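Observations on the model geometry
Take a look at the letters that make up each chain.
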Amino acid sequence: MTSAESQRGLTLIETLVAMAILSLVVTAILGLIGQSARFMSTSEDRVIAGVLVDNLMVETMAGAAPLERGEAESEIEFAGANWIARQTVNEIGVDGLVRVDLAVRRADSAQVLAAATTLKRERDR
């Protein structure tokens, strides 16, 4: 064996293949990081929407005045963002009892992030 054969290194093609594999791995990792960031943002929105829908339901249940029947939407600023809350109040066929549905979404999206339904007993209208 000559000294030139014992000092053999990587060829140019082997180096290019190794760099291509490395770039594929790095690209996949960066994609996962981006997807994780989007998931965290969506999860945060769902938690905030859940808190908001709970707050609105407590306000609805605590009110003494009879609720307006039908559907109503309102825009609310909460936790640094604008939200749309849709409240639907319907008779259920039992005197003094109504069904209340609340749904909350971001103002810039049509996707409902949180919803709640309850029954409320009202005094005579």
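**A short note on unusual backbone geometry**
- Unlike most non-glycine residues, Ala79 shows phi in positive territory, near 55°.
- Relative to the helices and strands, Ala79 resides in the loop between strand 1 (70-78) and strand 2 (81-91).
- Taking relative accessible area as the criterion, Ala79 reaches 56% and is therefore assigned exposed.

**Re the pattern of salt bridges**
- A full pass over the atoms with the stated rule returns five salt bridges.
- For Asp101, the salt bridge is made with Arg99, and the minimal N-O distance between the two is 3.0 Å.
- On the basis of relative accessible area, Asp101 is assigned to the buried category, the value being 18%.
- Overall, Arg99 belongs to the partly exposed group, its relative accessible area being 39%.

**What about the packing of aromatic side chains?**
- If you walk through the whole model with that rule in mind, you get zero aromatic pairs.
- Across the ring face of Trp83, the terminal group of Arg106 is positioned such that the distance to the ring centre comes to 5.5 Å.

**What to know about the side chain of Arg105**
- With respect to the helices, strands and loops of the structure, Arg105 is situated in strand 3 (residues 97-106).
- Notably, Arg105 is buried but unbridged: the nearest opposite-charge side chain belongs to Glu73, and the N-O separation is 4.1 Å.
- Ignoring any residue separated from it by four or fewer positions in sequence, one finds Arg105 in contact with Glu73, Trp83, Ile84, Ala110, Gln111, Val112 and Leu113.

The rules behind the values
Residues numbered from 1 in each chain as written. Predicted model: local features only at pLDDT ≥ 70, side-chain atom pairs only at ≥ 80, totals over all residues. Heavy atoms only, no water. Helix = DSSP H or I, 4+ residues; strand = E, 2+ residues; numbered from the N terminus. Buried < 20%, exposed > 50% of the residue type's maximum accessible area, 1.4 Å probe, protein only. Salt bridge = Lys/Arg side-chain N within 4 Å of Asp/Glu carboxyl O. Phe/Tyr/Trp six-rings, centres within 6.5 Å; stacked < 30°, edge-to-face > 60°. Lys NZ or Arg CZ within 6 Å of the ring centre and 35° of its normal. Lys, Arg positive; Asp, Glu negative; His and termini not counted. Contact = heavy atoms within 4.5 Å.

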